[in-house]
Amino acid sequence: MLPLLNYLNGHYQPAHNGRTLPVTEPATGQPYATLPDSAAPDVDQAVRAAEAALPAWRRRPAEERGRLLLRLSELITGHLDRLAQAESQDTGKPLSLARTLDIPRAASNFAFFGTLAQHFATETHLQEGLALNYTVRHPLGVVACISPWNLPLYLLTWKIAPALAAGCCVVAKPSELTPYTAHLLGELATAAGLPPGVLNVVHGTGARAGQALVEHPSIRGISFTGGTVTGRHIAAVAAPQLKKLSLELGGKNPTLVFADCDLAEAVQTSVRSAFANQGQICLCGSRILVERPIYEQFKTEFLAQVQELTVGDPLAEATRQGALVSEAHLHKVLSYIELAYREGGHLLAGGQRVQLPGRCAGGYFVQPTVFEGLGPECRVNQEEIFGPVVTLTPFDTEQQALAWANGTEYGLSAAVWTRDLARAHRLSHQLHAGVVWVNTWLHRDLRTPFGGMKSSGVGREGGLEALRFFTEAQNVCIKL
Ligand code: TXE
């Protein structure tokens, strides 16, 4: 058993209570590591270390902080294979995906924010002859970064990097399901020269370690990505203490395919957006709405490509679909497949758990699954499944597609496939989605605001939005 440890004040240590939790490899169903079952004393130690490190860290010029983040970025790139291997083992995602998406993006997060902090200018407002106002953006202080299991290092660093760049000190709480790369990050942070206490990682359950972190009176801001139910709970805990909150929550994203689109590209990208990371990306397009004249052709080509998504050992190069993250999540996804039948859905592909031979015999694999014949109101089209289950639905008019696309409680992202430029603009502005992609998907520019509307969240990450979140504006008014 690999013992994963908390990273507090620049050192690795177990939980104060000495308790551990098992970490399971989703591809095998076997435990392979333990993580500290941390509680309030561990969180308190982490927060105190961060508080002690804060005065010196916030005083450093942005350029110096940035240099350390760039060094950390280089170290992540230098350890690409080891980190990708760890991420794949921990999550069940194909090693090829971890190597090309998760880990490179973690490196980019540090490189991007390490540089951006130097371009973070403040505003001045001149009242002619009367006064000059200028705004100072102070680091918020000690902040909590709480991340989920689907893109562990990618999402954790998407929070840590802007927080550190802005001059905050961080207590991070990775998902208890996927703690491995967060554990390795401590070692790299030390090697990069981050001063002790600037970044602390506390492992453990959401209910114990996460809750203690959110409740801690010295935490000034919380950046959270995870389920909508958890986000609501965190907001309720944090509100009486008036903590600043950024919540990136679930999605039930529509893909709108119009008859005038480039069909080959729309099909290929829609398959990817439906099933990348086994459908466990908050931006995955799980409701595919297709204009009726091309519905049958889209369906035929879509299903042909779905058949090619090899489900297999995540470590094998040919694997396109790995395992779901946990046994509990496997059963959640299978229960939605059952529900799809009960709601009158017609199965077009998949629908079964996959039993692989050998090493992966006990793994949590599900075939990429496609249903049609489900109305926009049914639960399968309303609730976040967060797995490889999507629906195909024909539509007749733009207004109908728009109403269906907007007809859920979520509003994270949407994809529109059309060659009609006017329609692309018109629809984009009417879609209830924080991110709209036209003729593409998961095309990310780290400078752009990222976040959801409605139950998909509050606040925006990315670029200057993230630096604004981790700082507090102060206006200084000088009489002229
Ligand atoms: O996430 P949780 P879960 C969705 C997806 C999934 C569902 C539940 O639909 O099926 O959420 O997933 C920590 N105080 N998404 O239960 O619980 C927890 O330890 C403080 C969408 O695995 O939200 C982990 O670190 N922290 C999503 C983090 O919150 C708490 C990605 C997320 O876990 C806490 C993941 C508490 N009281 C799931 N309780 C996305 N938007 O990408 C839990 N945590």
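Residues numbered from 1 in each chain as written. Predicted model: local features only at pLDDT ≥ 70, side-chain atom pairs only at ≥ 80, totals over all residues. Heavy atoms only, no water.

Account for the overall build of the protein, with residues named and values stated.
A tally of regular secondary structure across the protein gives 15 helices and 25 strands. Compactness check: the protein gives a C-alpha radius of gyration of 23 Å against a globular reference of 23 Å for 480 residues, within 12% of the reference. For the protein, the spread of C-alpha atoms along the principal axes amounts to about 65 × 65 × 40 Å. Expressed as a percentage of its 480 residues, the buried residues of the protein come to 58%. The contacts in the protein between residues at least 6 apart in sequence include a share of 74% that link residues at least 24 apart. Summed over all atoms, the accessible surface of the protein reaches about 18,300 Å², with 55% contributed by carbon and sulfur. If you average the places of the 40 positive and of the 42 negative side-chain charges in the protein, the two averages end up 6 Å apart. (Helix = DSSP H or I, 4+ residues; strand = E, 2+ residues; numbered from the N terminus. Rg over C-alpha atoms; globule rule 2.2 N^0.38 Å. Buried < 20%, exposed > 50% of the residue type's maximum accessible area, 1.4 Å probe, protein only. Contact = heavy atoms within 4.5 Å. Areas by Shrake-Rupley, 256 points an atom, 1.4 Å probe, with all protein chains shown as cover. Lys, Arg positive; Asp, Glu negative; His and termini not counted. Charge placed at Lys NZ, Arg CZ, Asp CG, Glu CD.)

Which residues make up the sheet that holds strand E13 (residues 253-257), and what are the values?
One open sheet holds the seven strands; their spatial order is E15-E18-E19-E14-E13-E21-E22, and the pairing between them is mixed. Of all the strands in the sheet, the pair left with one neighbour each is strand E15 (346-349) and strand E22 (435-438). Taken pair by pair, the neighbouring strands of this sheet meet at an average axis angle of 25°, ignoring direction. Judged from the three bridges that link them, E13 and strand E21 (residues 413-417) form a sheet pairing that is parallel. Note that in E21 the partner of Thr255 across the bridge is Ala415. (Pairing = 2+ DSSP bridges. Axes fitted to C-alpha atoms, helices over the stretch in contact; angles between N-to-C directions.)

Quick rundown of the domain arrangement of the protein? Include the residues and the values.
Split by domain assignment, the protein resolves into domain 1 (2-249 + 456-479) and domain 2 (253-446). Distance from the C-alpha centre of domain 1 to the C-alpha centre of domain 2: 30 Å. Summed over both partners, the interface of domain 1 with domain 2 comes to about 2,500 Å²; 57% of that surface belongs to carbon and sulfur atoms. Taken as a group, Ala27, Trp149 and Ser456 account for 21% of the area that domain 1 buries against domain 2, more than any other trio of residues on that side. As a salt-bridge pair, Glu317 and Arg99 come within 3.5 Å of each other at their nearest N and O atoms. Seen at the junction of domain 1 and domain 2, the total is nine residue pairs in polar contact (both at pLDDT 80 or more). Of all the elements in the fold, those that place two or more residues in the side of domain 1 that touches domain 2 are strand E4 (20-25), helix H3 (80-91), helix H4 (95-116) and helix H8 (228-238). At eight residues, H4 tops the list of elements feeding residues into the side of domain 1 that touches domain 2. Across the side of domain 1 that touches domain 2, the residue classes break down as 11 nonpolar, 16 polar and six charged. (Domains from an automatic or database assignment. Buried area = accessible area lost by both parts, 1.4 Å probe. Salt bridge = Lys/Arg side-chain N within 4 Å of Asp/Glu carboxyl O. Polar contact = N/O pair within 3.5 Å; in protein donor to acceptor, adjacent residues only side chain to side chain. Nonpolar A, V, L, I, M, F, W, Y, C, P; charged D, E, K, R; others polar.)

Give a detailed account of the state of the cysteines, specifying residues and quantitative values.
Taken as a whole and assessed by the stated rule, the structure comprises zero disulfides. We note that Cys282 lacks a disulfide partner, and the nearest cysteine sulfur, in Cys284, lies 8.3 Å from it. Given the relative accessible area of 13%, Cys282 is considered buried. (Disulfide = S-S within 2.5 Å.)

Tell me about the pattern of salt bridges, and name the residues and values.
As enumerated under the stated definition, the model contains 24 salt bridges in all. Residue Arg99 is joined to Asp81 by a salt bridge in which the shortest nitrogen-to-oxygen separation is 3.6 Å. A residue pair is termed long-range when its members are at least 10 positions apart, and Arg99 in helix H4 and Asp81 in helix H3 qualify at 18 residues. Assessed through its relative accessible area of 51%, Asp81 is described here as exposed. For Asp445, the salt bridge goes to Arg447, with nearest N and O atoms at 2.7 Å. Look at Asp445 and you get partly exposed, because its relative accessible area is 28%. Residue classification places Arg447 among the exposed residues on the basis of a relative accessible area of 60%. Linked by salt bridges that have partners in common, Asp260, Glu398, Arg423 and Arg426 make up one network.

Before we move on, could you go through the nonpolar core and cite the residues and values that matter?
By size, the foremost hydrophobic cluster in this structure holds 99 residues, and its most contacted members are Ile76, Phe113, Ile160, Val170, Ile222 and Leu283. No other element matches the 10 residues that helix H5 (residues 152-165) contributes to this core. When residues are assigned to domains, this core turns out to be shared by domain 1 (2-249 + 456-479) and domain 2 (253-446), each giving three or more. Excluding its chain neighbours within four sequence positions, the residues that come into contact with Ile76 are Leu83, Ile103, Ala106, Ala107, Phe110, Leu185 and Leu188. Counting 24 residues, the second-largest nonpolar core is a separate cluster that includes Phe275, Phe302, Leu303 and Val306. (Core = buried A, V, L, I, M, F, W, Y, C linked by side-chain atoms within 4.5 Å.)

I'd like a description of the site of the ligand, backed by residues and values.
The environment of the ligand is formed by 28 residues, the closest being Trp149, Lys173, Glu176, Lys332 and Glu384. One of the side-chain nitrogen or oxygen atoms of Gln211 is found 3.0 Å away from a nitrogen atom of the ligand. In this structure, an oxygen atom belonging to the ligand sits 2.6 Å away from a side-chain N or O atom of Glu384. Residue contributions to the shell around the ligand peak at four residues, all from helix H7 (residues 206-215). Class assignment of the residues belonging to the shell around the ligand gives a composition of 10 nonpolar, 13 polar and five charged. When we break the shell around the ligand down by domain, the ones giving at least three residues each are domain 1 (2-249 + 456-479) and domain 2 (253-446). (Near = heavy atom within 4 Å.)

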